[in-house]
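# Results of the structural survey
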There are 4 protein chains.
Amino acid sequence: MQNLLDEAIRYALPYVLEGKPASYIPELGKVDPKQLGVAIVSMEGNHWGSGACNSNFTMQSISKVAALMLAVMDRGEQYVFSKVGMEPTGDPFNSIIKLETMKTAKPLNPMINAGAIAVDSLILGEHVEEKLNRLIGFVRRLCHNEKIWFNQEVYQSENATGYRNRALANFMKDAAIIEGEVEAVLELYFKQCSIELNAMDIAMMGAVLAGDGTSPITGEVIIPKSIARLVKTFMVTCGMYDASGEFAVRVGLPAKSGVGGGILATVPGKMGIGVFGPALDSKGNSAGGIKVLEYISRKLDLSIF
Amino acid sequence: MQNLLDEAIRYALPYVLEGKPASYIPELGKVDPKQLGVAIVSMEGNHWGSGACNSNFTMQSISKVAALMLAVMDRGEQYVFSKVGMEPTGDPFNSIIKLETMKTAKPLNPMINAGAIAVDSLILGEHVEEKLNRLIGFVRRLCHNEKIWFNQEVYQSENATGYRNRALANFMKDAAIIEGEVEAVLELYFKQCSIELNAMDIAMMGAVLAGDGTSPITGEVIIPKSIARLVKTFMVTCGMYDASGEFAVRVGLPAKSGVGGGILATVPGKMGIGVFGPALDSKGNSAGGIKVLEYISRKLDLSIF
Amino acid sequence: MQNLLDEAIRYALPYVLEGKPASYIPELGKVDPKQLGVAIVSMEGNHWGSGACNSNFTMQSISKVAALMLAVMDRGEQYVFSKVGMEPTGDPFNSIIKLETMKTAKPLNPMINAGAIAVDSLILGEHVEEKLNRLIGFVRRLCHNEKIWFNQEVYQSENATGYRNRALANFMKDAAIIEGEVEAVLELYFKQCSIELNAMDIAMMGAVLAGDGTSPITGEVIIPKSIARLVKTFMVTCGMYDASGEFAVRVGLPAKSGVGGGILATVPGKMGIGVFGPALDSKGNSAGGIKVLEYISRKLDLSIF
Amino acid sequence: MQNLLDEAIRYALPYVLEGKPASYIPELGKVDPKQLGVAIVSMEGNHWGSGACNSNFTMQSISKVAALMLAVMDRGEQYVFSKVGMEPTGDPFNSIIKLETMKTAKPLNPMINAGAIAVDSLILGEHVEEKLNRLIGFVRRLCHNEKIWFNQEVYQSENATGYRNRALANFMKDAAIIEGEVEAVLELYFKQCSIELNAMDIAMMGAVLAGDGTSPITGEVIIPKSIARLVKTFMVTCGMYDASGEFAVRVGLPAKSGVGGGILATVPGKMGIGVFGPALDSKGNSAGGIKVLEYISRKLDLSIF
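Residues numbered from 1 in each chain as written. Chains lettered and ligands numbered in written order. Predicted model: local features only at pLDDT ≥ 70, side-chain atom pairs only at ≥ 80, totals over all residues.

## Some words on the overall build of chain A
Put simply, the rule reads: Secondary structure elements are taken from DSSP: a helix is a run of H or I of four residues or more, a strand is a run of E of two residues or more, and numbering for both begins at the N terminus. Distance between backbone-placed C-beta atoms decides contact: two residues are in contact if it is within 7 Å.
Secondary structure assignment for chain A yields 13 helices and eight strands. Principal axes of the C-alpha set define a box for chain A whose edges measure 55 × 40 × 35 Å. Once local pairs closer than 6 in sequence are excluded, the contacts in chain A between residues at least 24 apart make up 69%.

## A look at the packing of helix α2 (residues 63–75) of chain B against helix α11 (residues 225–238) of chain B
For any two helices packed against each other, one specifies the crossing angle of their axes together with the interaxial distance. All names here are of chain B. So the rule is basically this: Axis definition: a line fitted to C-alpha atoms, limited for helices to the stretch in contact. Angles are taken between N-to-C directions and run from 0 to 180 degrees. We call a crossing left-handed when the near helix sits turned anticlockwise from the far one by less than a right angle, and right-handed when that turn is clockwise. Residues were grouped as follows: Ala, Val, Leu, Ile, Met, Phe, Trp, Tyr, Cys and Pro as nonpolar; Asp, Glu, Lys and Arg as charged; and all remaining residues, including Gly, as polar.
It is the contact of α2 with α11, at a shortest axis distance of 10 Å, that shows an interaxial angle of 140°. As α2 runs across α11, the sense of the crossing is right-handed. Along the contact surface, α2 presents V65, L68, M69, V72 and M73, while α11 presents I227, L230, V231 and M235. In terms of residue class, the contact of α2 with α11 is made up of nine nonpolar, no polar and no charged.

## What about the interface of chain A and chain D?
Listed as interface residues are 26 residues of chain A and, on the opposing side, 26 residues of chain D. Looking at the side of chain A that touches chain D, the elements with two or more residues in it are α11 (225–238) and α12 (244–250) of chain A. With six residues, the top contributor of residues to the side of chain A that touches chain D is α11(A). Its residues placed into classes, the side of chain A that touches chain D shows 11 nonpolar, nine polar and six charged.

## Comments concerning helix α7 (residues 152–161) of chain D
Residues and elements named next belong to chain D. To keep things clear, this is the line we draw: Working definition of burial: number of other C-beta atoms within 10 Å of the residue's own, with buried at 20 or more, exposed at 12 or fewer, and partly exposed in between, all C-beta atoms being placed from the backbone. What the arc covers is the set of directions going from the helix axis to the C-beta atoms.
Among all positions in α7, only V154, S157 and E158 are buried. Buried residues of α7 fall within an arc of 95° about the axis and therefore sit on the same side. Exposed positions of α7 whose direction lies more than 90 degrees from the buried face are Q152, E153 and A160. Elements in contact with the buried residues of α7: β3 (57–58) and α9 (182–193).

## Let's talk about the relation of the copies chain C and chain D
As a reminder, the rule being used: A least-squares fit on C-alpha atoms brings the copies together, and the residues used are those whose pLDDT is at least 70 in both copies.
The transformation that overlays chain C on chain D combines an axial shift of 0.0 Å with a rotation of 180°, and the residual RMSD is 0.0 Å. Within this description, the copies of the chain are treated as partners about a two-fold rotation axis. Among all residues of chain C, the one whose C-alpha sits closest to the rotation axis is A167(C), at a distance of 1.9 Å. Taken together, the interface assignments show that 100% of the residues at the interface of chain C recur at the interface of chain D, consistent with an identical surface on both copies.

## So, the interface of chain C and chain D
The accessible area lost on association of the parts is a frequent measure of interface size. Taken together, the contact pairs 13 residues of chain C with 13 residues of chain D. If you list the elements that add at least two residues to the side of chain C that touches chain D, you get α4 (97–101) and α8 (163–174) of chain C. Tallying contributions element by element places α8(C) first for the side of chain C that touches chain D, with eight residues. For the side of chain C that touches chain D, a count of residues per class yields five nonpolar, three polar and five charged.

## Quick word on the pairing of strand β7 (residues 262–267) of chain C
The side chains of a regular strand alternate, residue by residue, between the two faces of the sheet. All names here are of chain C. The criterion, for reference: Two strands qualify as a pair provided that DSSP identifies no fewer than 2 bridges between them.
Among the six residues that make up β7, six are buried, leaving the element largely enclosed by the rest of the structure. Residues G262, L264 and T266 line one face of β7 and the alternating positions I263, A265 and V267 line the opposite face, and both faces are buried. Alignment of strand β6 (residues 255–257) against β7, held across three bridges, turns out to be antiparallel. For S257, the partnering residue across the bridge sits in β7 and is I263. In sequence, β6 turns back onto β7 through a hairpin of four residues, with G261 there showing a positive phi of about 105°. When β7 meets strand β8 (residues 271–276), the two strands line up antiparallel, connected through six bridges.

## Concerning the sheet that holds β3(D)
Residue and element names in this part refer to chain D. One open sheet accounts for three strands, arranged β3-β5-β4; its pairing is antiparallel. One side of each edge strand has no neighbouring strand; the edge strands of this open sheet are β3 and β4 (149–150). Direction of pairing for β3 relative to strand β5 (residues 195–197): antiparallel, over a ladder of two bridges. Across the sheet, F57 pairs through a bridge with L197, a residue of β5.

## Concerning the environment of Q78(A)
Residues and elements named next belong to chain A. In this structure, Q78 sits in helix α3 (residues 77–83). Owing to 8 C-beta atoms within 10 Å, Q78 belongs among the exposed residues under this scheme. Each C-alpha atom of the pair Q78 and I273 lies 30 Å from the other, and the pair is 195 residues apart in sequence.

## Considerations on the packing of helix α5 (residues 113–120) of chain B against helix α9 (residues 182–193) of chain B
Residues and elements named next belong to chain B. Condition: Note on terminology: angles under 35 degrees are roughly parallel, angles over 145 are roughly antiparallel, angles of 65 to 115 are roughly perpendicular, and the others are oblique.
Here α5 crosses α9 at 115°, and the two axes come no closer than 9 Å. As far as their axial angle goes, α9 and α5 are roughly perpendicular. In this structure, α5 meets α9 at a crossing whose hand is right-handed. Where α5 approaches α9, its residues A116, I117 and D120 are matched on the opposing element by V185, L188, Y189 and Q192. Its residues assigned to classes, the contact of α5 with α9 shows five nonpolar, one polar and one charged.

## Side note on the confidence of the model for chain A
Low pLDDT marks stretches whose predicted atomic positions should not be read closely. Short version of the rule: For every residue, the predictor reports its confidence as pLDDT, a number between 0 and 100.
Here chain A averages 94 in pLDDT, while 98% of its residues score no lower than 70. Per the prediction output, this complex has pTM 0.91; the corresponding ipTM is 0.91.

## Focus: the sheet that holds strand β3 (residues 57–58) of chain C
All names here are of chain C. Pairing in this open sheet of three strands is antiparallel, and the strands run β3-β5-β4 from one edge to the other. The sheet is open, and its two borders are formed by β3 and β4 (149–150), each paired with just one other strand. Both β4 and strand β5 (residues 195–197) contribute to a ladder of two bridges, which runs antiparallel. Its bridge partner lying in β5, F150 is registered against I195.

## Section: the domain arrangement of chain A
Residues and elements named next belong to chain A. Definition in use: In this entry, domain limits derive from an automatic or database-based domain assignment.
According to the domain assignment, chain A contains domain 1 (2–58 + 197–300) and domain 2 (61–193). Each side of the interface is counted separately: domain 1 has 33 residues, and domain 2 has 31 residues. The set of elements that each furnish at least two residues to the side of domain 1 that touches domain 2 consists of α10 (199–210), α11, β6 (255–257) and β7 (262–267). If you tally residues by element for the side of domain 1 that touches domain 2, the top one is α11, at seven residues.

## Regarding helix α5 (residues 113–120) of chain D
Most of α5(D) sits out of view: eight of its eight residues are buried. Among all positions in α5(D), only N113(D), A114(D), G115(D), A116(D), I117(D), A118(D), V119(D) and D120(D) are buried.

## Concerning the environment of A169(D)
Residues and elements named next belong to chain D. Tracing the backbone shows A169 in helix α8 (residues 163–174). A C-alpha to C-alpha distance of 36 Å links A169 and V41, two positions 128 residues apart in sequence. Those residues in contact with A169, other than ones at most four positions away along the chain, are I117, I178, V182, V185 and L186.

## Topic: unusual backbone geometry
The residue D301(A) is not glycine, and still its phi comes out positive at about 55°. Since 7 C-beta atoms lie within 10 Å of it, D301(A) is described here as exposed. At A176(B), a residue that is not glycine, the phi angle is positive and equals roughly 60°. On the neighbour-count criterion, A176(B) (11 C-beta atoms within 10 Å) is exposed.

In structure tokens, the structure reads:
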């Protein structure tokens, strides 16, 4: 397995040059774009890593997976999906059109920004701090890492430039999709996107999903099986922005990417995979990271289809 | 003329029952919906009124006409129209779709909300207060009424519920269409919408436009002729929300309505007409007010076409 | 007046180089793009011409004005506008989006392709030939020219490549907006677009509209006044494709352009103007023709606003 | 297994009353809406059936799966996906909007009507008849049934009322997405939709897909493994119209429905499932058929996620 990971990094490294770091969040643009790393945690609790697998990055959209699971545990599947849909969309992640053209302003799914913001408004807690603490606590349990926290500089950068997300949130508030104060929901959303961890943490999170919610280390049930399956489904149909369809064809695994350069992937019943490569392609996915996953999936014949 | 106005009110009054006051700004919903008034100021400076022609109401979208003229005087036609387009649109006044589907997020014209907010960001002034004072001063000159001010309750109501306008403004800020702080521009926009006056004031403003910018009372040139013509053009092509086309067919006059129930109309070379009737039709135009204008235009054969 | 027209052509000629003939209808691409001509017919029946004012070209979208008048005379305003709307649109002339996003597939106005095709389906006649003969007969009366006929080569070229118009027509047939056979309506539409005439013919047609439907030569009432006004309104709000707003600001006259290079303009109570210049700008309007009209409107202060 | 199928039919039968047969193709509206049947073919070649598993119905959109496989075998994956995308969409199956708003008119995926028509234009053959014979021959091999043919009445009904599909095809022809004659492609598409078979045939087709392209009966490789996986991916992300996301959550199997009432489902490595129930829900999927699949998937724990 260690050899495979080393090969995957070697194979994928040239593709890093075709991408570039996210520029619309200034703080993200400061990262070294040539990094590439991968980590795997198996169902037996073994782990391997190669390349920049211990470098920190911010979760960005990968946090949507955790937030969705917490919201469904907090409020129930039925209530959550009365506020957000289940359907994939060919529109970009930050599109606002469908909110206006659909009969209701209900966002199409919880993996696009609009949907994730709506989901955040459902997480229980008296105030932003409590909600955030609950969410970070949940991410720590998923990653088996009590040191995880959010990056203050990235948060401030997101908050200062997050006009498009403010537009989405205000549009949904107008349509009564969002509960509570718009700015409070956005604070939670921007802080959650700024949660910092590494590829090994992500691989552990993927292993928990691979085990239908049960920790491969402690045997603890962290998430109910039905919710673990639910999020894996969304990861397949809309986890890779508007390249989800092509990724499903080429790789065939439930995965969620973030513009911080991370990708969370999970092989049901087998393993979790975490990837980090901050150079992004035109769809916002890690350019090298996708190639790492293509290589591993092909070599180990991991496609679920 | 007095008889004609009385007849017009009598003719139009039943249509008031088909409309209802704007509900999305709570403060506007408190008004008596059965009011209907009209006023005319001729090029010779004569004036007539009938019905609720002295009742106060807030300008709402009628203020877009004044703001556009001031912005063009402040920054020049070329600069203003690098930020906002000149084309009518079949979309509702608060639509956000075109901002995303057009090649740039430039709003289509200065009479829809997005365009008016963009125009507001161009008005000169150190801070919101100065911009607002300049704009109110300009409205006072247009109306020949030094007592005009904005309604604090309506402003607060608009500010508290203006999520859709916040969505539009943040979307445009993201696309670099809006200059300065989003919240500062919105404060100016909400306060300008809350400027309070009556149908007689509006008729005077219409008379200034009828005279291509020159006061029929003092002979003062308040606006350059080219700018007066410019706004009259926008009033024809997009002054009555997405009922502008039908209004042009039925009435044939440059006009601008507001959800406060007012309509500003102007008959080039002849007169200004102000109407007030807070019961709105489904497009957001004064239900009775449109009928008043239809009656007067037909009787006096005023269509410019 | 003759001097003015000569000057207008001299002023506008350089702008011809910025445009190019319509390429999507192959036959139209064969024309000499450097031609530019203008003609005027006054309310007294006098006429002047300059440049290529006797060159033949096909009406293309200018024919929509004639077809609309005939359909309204045939079926009544109320019925026609139950099938097509009255509102301008910021979308391109061949856009299909609004047909799907609006509550009904009713096209927004009779000047876009979808609306014009819907209008054509309303013209009376047993079969295509009779409808076409009635329409050409009507155009002959408007132009006072009994020799007008359609160009067979252009018709065949339009028919062979008119996939977008076929898409619009079939979409509307599906939504029950179009009456009768799709291909029959399209045959009428393509033949009507291919009606051939010159700038002097167009100027005469404009003069009839300027006189609210009465011939300046014979005094005959060719169209009822209400219908003449109706089409002039549409010419202002949506006669110049998605540059109608800017044209209203710069020229201020009811006008309708066609991709054959013609522009029909009318000055209410004063004159008709016909322009021909086949080099088109990016919106599909005659590049030189618009400049000719700008020059004449400014010099004679003709804006209706 | 036989008991399970009988139970599934009993469980799902009441839901039949919530749906109704497709009405926009008149011929389809004549079917008895209370029918419901299911069939399973295992990897060992065993088969079971319950309810109306031998009733004939037309494939409709299920044929898109076969046509896609044939086109990819004929022209290669790379060429096919230069004409059609790989991304799911939240729009209805017959939507035309995306063709205009995307940078190219390339349809988003091969499972929506626009994409399927584009795919049909790629199938090899001198003329429609040869293409159709090749496609029906391929369906016969997939279903192991040499008697399969298309239903002439349904074909004529589709052809006579297929205005929306004509709109899609002409729009794509205009954008050079479709090769060859529009009407020829539509003839192939309408005839392919009218291919008639039963739930047992469909189950056999699903078993071939479950075996990655190899017949569970003869061991013959009917489709290359890579292409079998490719279509299973599309069946997950966009096989159930704009309810694909919810179906993935509730059932978790690659599936493709048709408005004839059929659903093709496949359990990778395990079995093929064919369902027939002509009463459709609001999204166009078999109302009872979805419930049958929900029941079986839950009882046998078949979700791939």
